[in-house]
Amino acid sequence: MKKGRVWKYGDDINTDVIFPGKYTYSILEPNQMAQHALEDLDPDFAEKVNPGDVIMAGKNFGCGSSREQAAICLKYAGIQAVVAKSFARIFFRNAINQGLPVLQSEEAVENIEDREEIEIDFAKGEIKGSKGIYKFSPFPKSVLGILEAGGLIAYTKKKLEQKKEED
Amino acid sequence: MAQTFSEKIFSLKARRDVKAGEVVIVSPDYLLSHDNAAAIIQEFNKLGIKQVKNPQKIVIILDHVVPASTEKYAQNHQLIRKFVASQKLQNFFDINCGICHQVFSEKGFALPGKLILGSDSHTTSYGAFGAFAAGIGRSEVASLWAMDEIWLKVPETIKIELAGKLPPGVYTKDVILKIIGEQGADKANYKAVEFSGEAAKNFSLASRLTMTNMAAELGAKNGYFIPNEETIHFLEERKKEDYQIISSDDEAEFEEIIQVDVSSIEPQVACPHTVDKVKPVSEVVGTKFHQALIGTCTNGRLEDLRIAAKVLKGKKVHPAVRVLVIPASQETYRVSMKEGIMEIFSAAGCVVLNPGCGPCLGAHQGILAPAEVALSTANRNFRGRMGSRDSEIYLASPATVAASSLHGEITDPRTFL
C-alpha cells in the first residue's frame, strides 16, 4: 500500500497537454520527458510533483495522439497511478505497456479532492481517501502480467527468452 | 450467427468465431510507423534479439519532421535508415514521399479486409478502404516486430447512417466535425465506427478518408466504409496483394445506430481547445487569425487542394495572414502541378511546403507565437499543439480555410460559390 498526494484535473485531458508534440522527437530520455510532464496544462507540475503522487481526472484521460511519452513522462515524474472516470484507448494500452497503473473509478474521482492524501491497495483493488474507500476493478490476467513485468518490453523479452529455452 | 465487420475480421484472424468484447491474440497484415520508428528501434534493441520476425509486414514512412529540422531529428532519421538497411526492410519511404497515411494508401498497403496497426493515432484512416486499422503505442510496435502478435479486444460497433445529399460548400469535413461536436470526443472510445447510408455510398475515397481519419477524434478504434467502385478502381494498379471485401451482416448487432441527415448541415468549425467544441461557421464568422494551414492527413489530398484552389484562383490572400499549403504526398504534388493548382496557390501569395506533416504537430514549418491564432484543415486543435501554449487553433474544411484566407477572418465559404 502506497500513500500519495492527488493532483486533480478535468475531462478530456489530451496527450498534447500531457507531453507537447514539439518534444516528441527531440527528447528521448525518460527523466528529461518527466521534466515536461503536463507542461501545457499545469506548467509547474514537474516541480511540485513528488514520487508516489497520483493523478486524478474526469472522463477520456489521454485522448489524442498515440505518443507513448504521455505515459512515460508521468511514470518518470514519479506518478504511482492515474485514476480517472475513463481512459482513451491508446493511452490506456500505453500506460499498461509502460507499467503505469491506470485505474478506473468514477466514485473515487467524484469524492476525492485535489491535494488530498490517498492510499492505493492494488492487491485489494481499493483507493482509500479521507471520506471513504472506493473500489476499482482488478486487471485482467493478460494485462496484469505486463504490469508485473514492469511493462511490455520487459514482458516480451521474458517471453522471447522462454521461447528460446523451449526451442 | 450475424456478425459486424469487426467481429468478422477478428474471427478470420483468430481462426474461431468471436464476438464483440472478447480478447484475441492476432497478427496484423501490415504494421506502420513513421519518425517514431527511431524510438521503436531503441525499444526493439532492448529485447535481446537481432532480427525482426516478419520484415515484409513492416512499413516505415518518414513524414513528421521532413527534412530534419535539427541535428536530433537528423540523428533519428539516420538511426532509422541504418536499421532499415540492416534488417533489409523493403517497405521504407524516405523524406521525399509524403504523409504516412497518404503514402501508405497510394502504395497499396491499405486494402479491404486487412488488419493494419500503426504507431499513429490516425491509423484509423485506412478504414476508408474497408480495412480494420487501429493506432497502437510504440512499445507494442517493437514487441510486434519481434513476436508478430498482439492482444486486442474485439470492439462493439456504432453505426452512423448518413442520409441526404451534401449542400454546395459543405464537405465530409463538416459532417465529421458536426458528428464529433454532437457526440463528444469520447463517444466511440474503445469502439468501432461504421459509416453507412445513402449519402456515404456517394462519398469519394478522399472524402471518406477525411472521415475515417477523424474517427480517431471520436475516440474510435477504427472507422469503416464498405469499399465502393472508386475504391476498387483506385486499388487496381496499386494493391500490394489480393484482398477480400468484408462487411457487416444486415442483422449484425450494433451497439447504437446514429442517424445523420447531411442535407441540413452547414459548414462547421471546431474552436479552441478541443475538437468537439464545434460551431456552425455562422457563429464564428469574423474571427481573425494569423496563419492558415491547408494540408495534413485529414485534408491534404488532390480533391482538397482543388477545392481550395478554386476559391483562391485569381485572388490574393489577405496581407495579415500567412497561408501554408502542404500537399499530402509527392503524387498529390505532381498532379497538382500538372493541373496548375500550385500556380494558383503561389500567385495568391500562399507558401507551398514539401509533402509531410508540416506544422500540424508543432515541430517545424510554421510554429505559432503567443497570442497567435491558426485556422487549419487538420484534425486536432489541442492547446499548444502548433506552438505556444497561448496560441489558438480553429479547424475547418479546405473551402472554409481558403475563403477565410482571402478575408483574414473566418468566412462562410458558401459566399464564394
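Just so it is clear, the model here is predicted, and its values are computed rather than measured.

A. Representation of the sheet that holds strand 6 (residues 132-135) of chain B. Residue and element names in this part refer to chain B. The strand order across the open sheet built from five strands is 4-3-2-5-6, with neighbouring strands paired in parallel fashion. Across the chains shown, the open sheet's two edge strands, defined by having one partner strand only, are strand 4 (92-93) and strand 6. As paired strands, strand 2 (residues 30-33) and strand 5 (residues 115-118) are joined by three bridges and run parallel to one another. Within strand 5, the position partnered with Leu31 by the bridge is Leu117.

B. Just the pairing of strand 3 (residues 81-84) of chain A, in detail. Residues and elements named next belong to chain A. Alternating residues of strand 3 divide into Ala81 and Val83 and Val82 and Ala84, and every residue in both groups is buried. Here strand 2 (residues 54-57) pairs with strand 3 via four bridges, running parallel. When the bridges of strand 3 are listed, Val54 appears paired with Ala81. Handedness of the crossover joining strand 2 and strand 3 through helix 4 (residues 69-76) is recorded here as right-handed. One ladder, built from three bridges, connects strand 3 with strand 4 (residues 102-104); its direction is parallel. Residue pairing for strand 4: Val83 is matched across the bridge by Leu103. Viewed along the sheet, the connection from strand 3 through helix 5 (residues 89-97) into strand 4 turns out right-handed.

C. Spotlight on a negative patch on the surface. The grouping of Glu161, Glu165, Glu166 and Asp167 of chain A at the surface amounts to a negative patch. Of note, Glu166 of chain A is situated in helix 8 (residues 152-166).

D. The arrangement of the domain arrangement of chain B in detail. Residues and elements named next belong to chain B. As assigned here, chain B comprises domain 1 (23-151), domain 2 (155-240 + 252-265) and domain 3 (269-416). One C-alpha centre belongs to domain 2, the other to domain 3; they are set 22 Å apart. In this assembly, 20 residues from domain 2 lie in contact with 22 residues from domain 3. Approximately 1600 Å² of surface area, both sides summed, lies buried where domain 2 meets domain 3, with 55% of it carried by carbon and sulfur atoms. Looking only at domain 2, the three residues that lose the most surface to domain 3 are Lys173, Leu177 and Glu217, adding up to 31% of its buried area. Taken together, the links from domain 2 to domain 3 amount to two salt bridges. Its salt-bridge partner being Glu217, residue Arg380 comes within 3.1 Å of it at the nearest N-O pair. Among the elements of the structure, helix 6 (172-183) and helix 8 (205-215) are those that each provide at least two residues to the side of domain 2 that touches domain 3.

About the thresholds
Residues numbered from 1 in each chain as written. Chains lettered and ligands numbered in written order. Predicted model: local features only at pLDDT ≥ 70, side-chain atom pairs only at ≥ 80, totals over all residues. Heavy atoms only, no water. Pairing = 2+ DSSP bridges. Helix = DSSP H or I, 4+ residues; strand = E, 2+ residues; numbered from the N terminus. Buried < 20%, exposed > 50% of the residue type's maximum accessible area, 1.4 Å probe, protein only. Right-handed = clockwise from strand over helix to strand, strands pointing away. Patch = residues over 30% accessible without salt bridge, like charges linked within 9 Å, V, L, I, M, F, W, Y side chains within 5 Å. Areas by Shrake-Rupley, 256 points an atom, 1.4 Å probe, with all protein chains shown as cover. Salt bridge = Lys/Arg side-chain N within 4 Å of Asp/Glu carboxyl O. Lys, Arg positive; Asp, Glu negative; His and termini not counted. Charge placed at Lys NZ, Arg CZ, Asp CG, Glu CD. Domains from an automatic or database assignment. Contact = heavy atoms within 4.5 Å. Buried area = accessible area lost by both parts, 1.4 Å probe.

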